[in-house]
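# Structural description and commentary
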Amino acid sequence: MEMLTLECPYCGVQADETELHAGGEAHLTRFGPGSSDADFEAYLFMRENPKGVHFERWRHVNGCGKWFHAARCTMTLEVFGTYPAQTAEPPKKIRDAITAKRPGWTWRELS
Amino acid sequence: MSDPVLPLGGAHYEGLADVRETGPQGMIALRGDLSDAGLQEAVTGLTGVPMPDMRGAQVMGESGLLWMSPDELLVLVPYRQAARARAQLAEALQGQHALVENVSDMRAMFRLRGTQVRDVLAKLAPVDFARDALPVGELRRTRFAQVAAGVWLSDDTTAQVFCFRSVAEYMFNLLRTAADPDAFVGFHTG
């Protein structure tokens, strides 16, 4: 059985999928009170569902407990990299790693 | 002070490894800035062991420091000294953004002994227990079957496992099953 292994950027552990908790899509912008209905709806419900490059949030729940980000391929489970939660967009290093393996990739407004 | 009660009363099983519930163990949860010199001085002075690196388990007897996360240490002290140690640490960290709490009765601890400990542990957790992947003195927080656990090897044939008190019996049964003499593996040898 194919399992997903992500390196936790906080404690360096090669964490198995079963030690992690999936936190859904990464880099969402929160629209709260005062925002337009369309923005609020998109924030609540509209999610990417790509076959290929994807950015996600994960929590190292059976471990150090920290939230982090992962960039991976949903089709092959190939992991391009993991990075800390304290960032609003994927760092250049991660994007370069993806470009090296998946030239021409796009994800939302990123490429 | 009331007498401490072990979750399983010191349960013991001898199989592929010698599994024994240990404790009571004084434990103090400490959250704060682990890079702070004052904090490091306080915890190393209290326990007499050096500051652990990332994932490090620095333990000597009943005292030690376990690196739980980038902002959390589990400070081990003799059970009877936990309350005083907590007060001492809180005093030393006054003015800092830190949390210090005596959690001595929160967890159960087990000691596994024998040449087969790495095999026994490997049956229960999604962790590479090879000698170079998990060297002696490195703490690994993970899950054992369905419950959260922490484990480190204090020497090549001794493992220390801890989990929450509420799942102590589940953990002991797991360890006992994995250490059944009929379930010899012989993978992590030599």
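Nothing here was measured: the structure is a model prediction, and the numbers come from that model. (Residues numbered from 1 in each chain as written. Chains lettered and ligands numbered in written order. Predicted model: local features only at pLDDT ≥ 70, side-chain atom pairs only at ≥ 80, totals over all residues. Heavy atoms only, no water.)

Moving on, we come to the domain arrangement of chain B. Residues and elements named next belong to chain B. Taken as a whole, chain B is organised into domain 1 (12-23 + 106-181) and domain 2 (25-102). Between the C-alpha centres of domain 1 and domain 2 there is a distance of 23 Å. At the interface, 9 residues of domain 1 touch 12 residues of domain 2. Both sides of the domain 1 and domain 2 interface together cover about 970 Å² of buried area, and 65% of this is carbon and sulfur. (Domains from an automatic or database assignment. Contact = heavy atoms within 4.5 Å. Buried area = accessible area lost by both parts, 1.4 Å probe.)

Take the interface of chain B and chain A next. When the parts of a complex come together, some accessible area is lost, and that lost area is often used as the size of the interface. Counting from both sides, the interface comprises 15 residues of chain B and, opposite them, 12 residues of chain A. Surface buried jointly by chain B and chain A totals about 1,000 Å² across both partners, of which 50% is contributed by carbon and sulfur atoms. Put simply, chain B and chain A have 2 salt bridges between them. A salt bridge links B:Asp71 to A:Lys66, with the nearest nitrogen and oxygen atoms 2.9 Å apart. There are 7 residue pairs in polar contact (both at pLDDT 80 or more) connecting chain B and chain A. The set of elements that each furnish at least two residues to the side of chain B that touches chain A consists of β5 (63-69) and β9 (140-144) of chain B. Tallying contributions element by element places β9(B) first for the side of chain B that touches chain A, with 4 residues. Its residues assigned to classes, the side of chain B that touches chain A shows 7 nonpolar, 2 polar and 6 charged. (Salt bridge = Lys/Arg side-chain N within 4 Å of Asp/Glu carboxyl O. Polar contact = N/O pair within 3.5 Å; in protein donor to acceptor, adjacent residues only side chain to side chain. Helix = DSSP H or I, 4+ residues; strand = E, 2+ residues; numbered from the N terminus. Nonpolar A, V, L, I, M, F, W, Y, C, P; charged D, E, K, R; others polar.)

What the rule picks out here adds up to 14 salt bridges over all chains. A salt bridge links A:Glu78 to A:Lys101, with the shortest nitrogen-to-oxygen separation between them at 3.2 Å. Of the two residues, A:Glu78 is situated in the loop between β5 (67-73) and β6 (79-84) and A:Lys101 in helix α2 (residues 92-101); the sequence distance between them amounts to 23 residues. With a closest N to O distance of 3.8 Å, B:Asp3 and B:Arg80 form a salt bridge. Highlighted residues: B:Asp3 in the segment before β1 (12-14) and B:Arg80 in the loop between β6 (72-78) and α2 (82-92), separated in sequence by 77 residues. The exposure class assigned to B:Arg80 is partly exposed, which follows from its relative accessible area of 48%. (Buried < 20%, exposed > 50% of the residue type's maximum accessible area, 1.4 Å probe, protein only.)

Residue and element names in this part refer to chain B. The topology assignment puts Gln25 in strand β3 (residues 25-31). By relative accessible area, Gln25 is classed as buried at 12%. Non-local contacts of Gln25, meaning those with residues more than four positions away in its chain, are made with Glu62, Leu76, Val77, Tyr79, Ser104 and Met109.

Turning our eyes to something else, we now look at the environment of A:Leu4. All names here are of chain A. Position of Leu4 relative to the elements: it lies in the segment before β1 (5-7). For the pair formed by Leu4 and Leu77, sequence separation is 73 residues and the distance between their alpha carbons is 6.5 Å. The residues contacting Leu4, other than those within four sequence positions of it, are Ala15, Asp16, Glu17, Trp58, Arg72, Leu77 and Val79.

Following the criterion strictly, the structure yields 4 aromatic pairs over all chains and no others. Arranged with centres 5.8 Å apart and planes meeting at 50°, the rings of A:Phe55 and A:Trp105 form a pair that is tilted. Linking A:Phe55 in strand β4 (residues 53-59) with A:Trp105 in the segment after α2, this pair joins segments that are 50 residues apart in sequence. A:Phe55 gets classed as buried once you look at its relative accessible area, which sits at 0%. On the basis of relative accessible area, A:Trp105 is assigned to the buried category, the value being 6%. Here the aromatic rings of B:Phe110 and B:Phe172 are separated by 6.2 Å at their centres, their planes lie at 25°, and the arrangement is stacked. A residue pair is termed long-range when its members are at least 10 positions apart, and B:Phe110 in strand β8 (residues 107-113) and B:Phe172 in helix α4 (residues 168-178) qualify at 62 residues. Both residues of the pair, B:Phe110 and B:Phe172, belong to the buried class. (Phe/Tyr/Trp six-rings, centres within 6.5 Å; stacked < 30°, edge-to-face > 60°.)

To continue, consider the sheet that holds strand β4 (residues 57-60) of chain B. All names here are of chain B. The antiparallel open sheet is built from 5 strands, whose spatial order is β4-β5-β6-β3-β7. Looking at which strands have only one partner, the edges of the open sheet turn out to be β4 and β7 (99-102). Each strand axis lies, on average, 20° off the axis of its neighbour in the sheet, ignoring direction. As defined by bridge partners, β5 adjoins β6 across 5 bridges and the pair is classed as antiparallel. Considered in β6, the bridge of Leu65 is made with Val75. With respect to the sheet, helix α1 (residues 37-47) is in contact with β3, β5 and β6, its orientation differing from that of β6 by roughly 25°. (Pairing = 2+ DSSP bridges. Axes fitted to C-alpha atoms, helices over the stretch in contact; angles between N-to-C directions.)

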